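Each chain, written out:
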Amino acid sequence: MSLKYVTPVAMFKKYLPKDYVELVDFGPFGKTQDEAGPGNMGQFKELMEEHPMCSGCWMAYYIRLIFASLPCPEETVTLGTAGCGRLAISQAAVPFIYGNYGDQNAMASGLSRAFRLRFPDKHKDVITIAGDGGTMDIGFSMTMHSWIRGERFTTIMLDNEVYGNTGGQESGMSPKGAVLKMAPGGKQFDKMPATALAKAAGCVYIVKMSPTNIKKAAKIIRRAIFVAREVGPTFIHAYTSCNIEYSIPTEEVFADARAQEKDRFQFEEYMTDAAKEVIDRIEAEEKAAHRAKKGVVAEEVN
Amino acid sequence: MYYVAKVNADMCAEYKCNTCTLYCPEANTLMFDKVGNTSWVDEDRCKGCALCVYVCTDMLSRNCITMEMVHGKE
Ligand SMILES: Cc1ncc(C[n+]2csc(CCOP(=O)(O)OP(=O)(O)O)c2C)c(N)n1
Ligand code: SF4
Ligand code: SF4
Ligand code: SF4
Ligand SMILES: [Mg+2]
């Protein structure tokens, strides 16, 4: 898409669905994060729409945050695969590509290359968002090969430590001992070391986290996207609990995510020197723009 | 018959807050009204998870949100 593409001709507006017009008028297209970003969610029309994910699902929450954090939603394409997350990702006002199970990183490799050829003058952000089963089990070879080849796009793994969508089977990312379907006596193997694999395969920016601090989680999503534009593959491994299969009462889902910060999802951030350069440069630019805008507002007030 | 979140607007307006709206798993559901300085719930979209109650009551000790039963129209 592009900004021009999403903006309707004024005289057609009254014939368009209300949700769409609201999105154009009050959505984040063409706006800065200060105007319509994670910090003021609830005050603009968000890209994510109503979806059938369970009540209180932390994965749904993190997907909401991903869409609110996008640096340029009108120039973004997401790719995913079977699993709970796609139920919401596919309902957002950002093009979504859905292929065979686990092939999201293979498709994204081709797509991001094609975008670079077709649009050499601008950044088209490509992001794969898939579950732990889709990323580390069934899609494992395609995930690894995209990283080993240095494909420049962002991979986000929504790790609920189970196959949520198919009723709770053990995954490679389930912790050892977890009692799940197909693991009635408790899982016998360790949780796969996803971030270590990413590092060995050549990802240039890697984060493991439990998204409980909205500012920090949003900053990391943006960092991963900015670095993928210029340097190489980036990977976010996020804890996004499944309250159904792990029997977490919905009102305790946030508390569980905070507890995981001290357990299996202690914060890790890795970046290469080249990735750091990009992050430092872009964050300095953002700060300067923010300060300049504040200055203008102060002048107007005076 | 199901639960939805209800915000006590008078209590909420005492604080310049907007925290619960940042943690609802549903988009365009728990909104914040900047003029009235209060959050409010689009009941048709609320899934009744009470995560917002955890934020307002357990984390912030402000107790402005309650879960209430709504009854479908006959
Ligand atoms: C080739 C193929 N095998 C199996 C399935 C069935 N299937 C659908 S979702 C899923 C696993 C989902 O687990 P995960 O990727 O962790 O996503 P979650 O639902 O937990 O978010 C499976 C095995 C499928 N759709 N395609
Ligand atoms: S099954 Fe689990 S991960 Fe899937 S939508 Fe429900 S709570 Fe979320
Ligand atoms: S957390 Fe409580 S006080 Fe804060 S905006 Fe929400 S309802 Fe109001
Ligand atoms: S109960 Fe859940 S869905 Fe409803 S407003 Fe609160 S956080 Fe959002
Ligand atoms: Mg899963």
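Right above here is the structure, for reference.
Residues numbered from 1 in each chain as written. Chains lettered and ligands numbered in written order. Predicted model: local features only at pLDDT ≥ 70, side-chain atom pairs only at ≥ 80, totals over all residues. Heavy atoms only, no water.

Student: In this structure, what is going on with the overall build of chain A? I would like to understand it.
Tutor: Counting its secondary structure elements, chain A contains 11 helices and 7 strands. Taken against the 2.2 N^0.38 rule, which gives 19 Å for 302 residues, the C-alpha radius of gyration of chain A at 19 Å falls within 12% of a compact globule. Along the three orthogonal principal directions, the C-alpha set of chain A runs to about 65 × 40 × 40 Å. Looking at chain A as a whole, 52% of its 302 residues are labelled buried. In chain A, once contacts between residues fewer than 6 apart in sequence are set aside, the share between residues at least 24 apart is 67%. Carbon and sulfur atoms form 57% of the exposed surface of chain A, whose accessible area is close to 13600 Å². The positive charge centre, built from 36 side chains, and the negative charge centre, built from 37, are 3 Å apart in chain A. (Helix = DSSP H or I, 4+ residues; strand = E, 2+ residues; numbered from the N terminus. Rg over C-alpha atoms; globule rule 2.2 N^0.38 Å. Buried < 20%, exposed > 50% of the residue type's maximum accessible area, 1.4 Å probe, protein only. Contact = heavy atoms within 4.5 Å. Areas by Shrake-Rupley, 256 points an atom, 1.4 Å probe, with all protein chains shown as cover. Lys, Arg positive; Asp, Glu negative; His and termini not counted. Charge placed at Lys NZ, Arg CZ, Asp CG, Glu CD.)

Student: When you look at the coordination of the magnesium ion (ligand 5) in this model, what are you seeing that I'm missing?
Tutor: Metal coordination angles have textbook ideals: 109.5 degrees for a tetrahedral set of four donors and 90 or 180 degrees for an octahedral set of six. Residue and element names in this part refer to chain A. Binding of the magnesium ion (ligand 5) to the protein goes through D132 (OD), N160 (OD1) and V162 (O), at separations of 2.0 to 2.1 Å. Within one chain, the residues donating to the magnesium ion (ligand 5) are spaced in sequence as D-x27-N-x1-V. Taken together, the residues span a long stretch of sequence, with D132 in helix α6 (residues 132-137) and V162 in the loop between β4 (154-159) and α8 (194-201) at a distance of 30 residues. For D132, a relative accessible area of 1% translates into the label buried. Assessed through its relative accessible area of 2%, V162 is described here as buried. (Donors = N, O, S within 2.8 Å, 3.2 Å for Na, K, Ca; no water.)

Student: For this particular structure, what's the right way to read the site of ligand 1?
Tutor: Residue and element names in this part refer to chain A. In the vicinity of ligand 1 there are 16 residues, among which D132, G134, V162, G164 and N165 approach most closely. Take V162: an N or O atom from its main chain is 2.8 Å from an oxygen atom of ligand 1. N165 has a polar backbone atom sitting 2.8 Å from an oxygen atom of ligand 1. Broken down by element, the residue count for the shell around ligand 1 peaks at 3 residues, all from α6. Grouping the constituent residues of the shell around ligand 1 by class yields 7 nonpolar, 8 polar and 1 charged. (Near = heavy atom within 4 Å. Polar contact = N/O pair within 3.5 Å; in protein donor to acceptor, adjacent residues only side chain to side chain. Nonpolar A, V, L, I, M, F, W, Y, C, P; charged D, E, K, R; others polar.)

Student: Explain the interface of chain A and chain B here, please?
Tutor: A common measure of how large an interface is: the accessible area buried when the components associate. Facing 33 residues of chain A, the contacting portion of chain B comprises 23 residues. Counting across the chain A and chain B interface gives 1 salt bridge. If you look at where chain A meets chain B, you find 17 residue pairs in polar contact (both at pLDDT 80 or more). Within the residue set of the side of chain A that touches chain B, elements represented by two or more residues are α3 (58-69) and α10 (253-260) of chain A. (Salt bridge = Lys/Arg side-chain N within 4 Å of Asp/Glu carboxyl O.)

Student: Would you explain the packing of helix α9 (residues 214-230) of chain A against helix α11 (residues 273-301) of chain A in this entry?
Tutor: Axis angle and axis distance: for two packed helices, these are the angle between their axes and the distance between the axes, and together they describe the pair. Residue and element names in this part refer to chain A. Contact geometry for α9 and α11: axes closest at 9 Å, N-to-C directions at 120°. Taken as axis vectors, α9 and α11 run oblique relative to one another. Crossing hand, α9 versus α11: right-handed. Two secondary-structure elements touch here, α9 through K219, R222, R223, F226, V227 and E230 and α11 through A275, V278, I279, R281, I282, E283 and E286. (Axes fitted to C-alpha atoms, helices over the stretch in contact; angles between N-to-C directions. Parallel < 35°, antiparallel > 145°, perpendicular 65-115°, else oblique. Left-handed = near helix turned anticlockwise from the far one by under 90°.)

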